[in-house]
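Listed here are the chains, written in short residue letters.
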Amino acid sequence: MPTPPETNSLPKTVVTAPSGLKAVDKETTAGVLFGFGAYGLWGLLPLYFFALMPAGAVEIVANRVVWSLFFCIVLITVTRSWRALAGAFRDRSVFGSLALAAALIAVNWLTYTYGVTTGQAVEAALGYFINPLVSVLLGVFVLKEKLRPLQWAAVGIGFVAVAVLTVSYGKLPWIALTLAFSFGLYGFVKKRVGPKVDAVTSLSVETIVLAPIAAATMVFLSVSGSATLTSQGPGHFWLLVASGVITAVPLLFFGASARRLPMTTIGLLQYVAPLLQFIVALVVFQEAMTTSRWIGFGVVWLALLVLTVDMLRATRKNSLARKRARTS
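Residues numbered from 1 in each chain as written. Predicted model: local features only at pLDDT ≥ 70, side-chain atom pairs only at ≥ 80, totals over all residues. Heavy atoms only, no water.

J.: Teacher, can you tell me more about the overall build of the chain here?
T.: Counting its regular elements, the chain contains 15 helices and zero strands. Its C-alpha atoms give the chain principal-axis dimensions of roughly 85 × 55 × 50 Å. Across the 328 residues in the chain, those meeting the buried criterion constitute 44%. On the chain, roughly 17,700 Å² of surface is accessible, and the fraction owed to carbon and sulfur atoms is 69%. On the chain, the mean spot of the 26 positive side-chain charges and the mean spot of the 11 negative ones are 9 Å from each other. (Helix = DSSP H or I, 4+ residues; strand = E, 2+ residues; numbered from the N terminus. Buried < 20%, exposed > 50% of the residue type's maximum accessible area, 1.4 Å probe, protein only. Areas by Shrake-Rupley, 256 points an atom, 1.4 Å probe, with all protein chains shown as cover. Lys, Arg positive; Asp, Glu negative; His and termini not counted. Charge placed at Lys NZ, Arg CZ, Asp CG, Glu CD.)

Here's what the structure looks like:
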């Protein structure tokens, strides 16, 4: 049907967004996608570890480190970062911090892999739910920060949750606490050294520090007949080799996301990983959840809700203060 003349004669108004706003929107969208990619991959790691069985936690982590080293060499070569890598090794403060970070992430990986491969994936997920509360405690005891009332409330609720879960498990949930504190300290160390070194160089230094121990472990397991790398068929072999890429890619995604998003958004995205881990543990691994454990997890989630509300309120106040400062 032809368009009536009156419609054709109307002037067309085209509204275009400023180019700066479009650029910001694209950066934010990319940051969110990278963030979901990183935390989504971390959340699905239990499925990967399950596919690697009968390999144990020590063998899986040793392979992760060794094959990550090869991937890092490729990254350093492609990004032409050999000079930056050499600089990181020459700077004692940077190298010392990254060596400490390497030790912390090794403890984290071993504990997490042990939890998943021994039927304790639910408790492993709990560790990453508790992690934000640990970060708040580190701010108090290490950075001497003063907590806001809602932050104190969240920490108090978190202690109640640990008490409830201790009663539920019949022991201290050491897997969850080890994961929370090791990753919290790892994040703290990385944040301190972050301005001095890029993500690829940081990952490479950590991997190089751990590689000799990991390689020696692989040799020991092979000599003792405990290794599964070459004894379970080509599929198992290539799955273990792929651990290098599977380890490095989410770390790179996370780095790309952190550069594009405010810490508030990153703080909200971090709940994606333990939520996915929790769902996998219940639905796929069918781990048991007693009533008391549901109560314990519920208390943890309440603490996280309080912490999130406080974070959003603080961000809003800071944003309003900056706007007033610009207009005054």
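After presenting the structure, the write-up continues.
J.: How do you make sense of a nonpolar patch on the surface when you look at a structure like this?
T.: A contiguous nonpolar surface patch, about 500 Å² in accessible area, is contributed by Leu-44, Leu-47, Leu-275, Ile-279, Val-283 and Val-284. When residues of the nonpolar patch are assigned to their parent elements, the largest contribution, three residues, is made by helix α14 (residues 272-283). Within the secondary structure, Ile-279 is located in helix α14. (Patch = residues over 30% accessible without salt bridge, like charges linked within 9 Å, V, L, I, M, F, W, Y side chains within 5 Å. Salt bridge = Lys/Arg side-chain N within 4 Å of Asp/Glu carboxyl O.)

J.: Would you mind going over the nonpolar core with me for this structure?
T.: Soluble globular proteins: nonpolar side chains tend toward being buried together. Residues Phe-49, Tyr-112 and Phe-297 are the most contacted members of the largest nonpolar core, which totals 75 residues. If we skip the residues at most four places from it in the chain, Tyr-112 touches Trp-42, Leu-45, Pro-46, Phe-49, Ala-124, Tyr-128, Leu-179 and Gln-277. In terms of nonpolar packing, the next biggest core, distinct from the first, is built from seven residues, Ala-88, Val-94, Val-197 and Val-205 among them. (Core = buried A, V, L, I, M, F, W, Y, C linked by side-chain atoms within 4.5 Å. Contact = heavy atoms within 4.5 Å.)

J.: What exactly am I supposed to notice about the environment of Trp-42 here?
T.: Summarising the element assignment, Trp-42 is placed in helix α2 (residues 19-43). When the C-alpha atoms of Trp-42 and Gln-286 are compared, they prove to be 19 Å apart, with 244 residues separating the residues in sequence. When sequence neighbours within four positions are dropped, the list of residues in contact with Trp-42 reads Tyr-112, Pro-250, Leu-251, Phe-254, Ala-273 and Gln-277.

J.: Explain the pattern of salt bridges to me, please; I cannot follow it from the model alone.
T.: When their charged atoms lie close together, side chains carrying opposite charge are able to pair. Scanning the model with the defined rule gives three salt bridges in all. Between Lys-171 and Glu-123 there is a salt bridge, with the nearest N and O atoms lying 3.8 Å from each other. Of this pair, Lys-171 sits in the loop between α8 (149-169) and α9 (174-193) while Glu-123 is found in helix α7 (residues 121-141), placing the two residues 48 residues apart along the sequence. For Lys-171, a relative accessible area of 33% corresponds to the partly exposed category. Here Asp-310 ties to Arg-148 by a salt bridge, and the two come within 2.7 Å at their closest N and O atoms. Of this pair, Asp-310 sits in helix α15 (residues 291-327) while Arg-148 is found in the loop between α7 and α8, placing the two residues 162 residues apart along the sequence.

J.: Please clarify how α9 should be interpreted in this entry.
T.: For an α-helix, 3.6 residues make a turn, and residues three or four places apart therefore share a direction. Helix length check: α9, at 20 residues, gives a terminal C-alpha distance of 28 Å against a target of 28 Å (1.5 Å per residue), a fit within 8%. Contact partners of the buried residues in α9: α6 (92-117), α7, α8 and α10 (199-223). (Expected span 1.5 Å × (residues − 1).)

J.: How should I be thinking about the confidence of the model for the chain in this particular structure?
T.: Where the model shows low pLDDT, its predicted coordinates should not be examined in detail. Residues of the chain with pLDDT of at least 70 account for 92%, and the chain-wide mean is 85. Contacts of residues 1-17 to residues separated by more than four positions or lying in other chains number two contacts, the stretch itself having pLDDT below 50. (pLDDT = per-residue confidence, 0-100.)

J.: Would you mind showing me how to read the packing of helix α5 (residues 82-90) against α10 here?
T.: In helix packing, the relevant descriptors are the interaxial angle and the interaxial distance, both defined with respect to the helix axes. Here α5 crosses α10 at 60°, and the two axes come no closer than 10 Å. Classified by the angle between their axes, α5 and α10 sit oblique to one another. Along this stretch, α5 crosses α10, giving a crossing that reads as right-handed. The residues of α10 that touch α5, namely those facing Ala-84, Leu-85, Ala-88 and Phe-89, are Thr-201, Ser-204, Val-205 and Ile-208. (Axes fitted to C-alpha atoms, helices over the stretch in contact; angles between N-to-C directions. Parallel < 35°, antiparallel > 145°, perpendicular 65-115°, else oblique. Left-handed = near helix turned anticlockwise from the far one by under 90°.)

J.: When you look at unusual backbone geometry in this model, what are you seeing that I'm missing?
T.: A negative phi angle is the norm for most residues apart from glycine, just as the trans form is the norm for most peptide bonds. Residue Pro-54 follows Met-53 across a cis peptide bond; omega there is 20°. Here Pro-54 lies in the loop between α3 (45-52) and α4 (57-78). Residue Arg-80 is not a glycine yet carries a positive backbone phi of 55°. Of note, Gln-286 is a non-glycine position whose phi angle comes to about 55°, a positive value. For Gln-286, a relative accessible area of 64% puts it in the exposed group.

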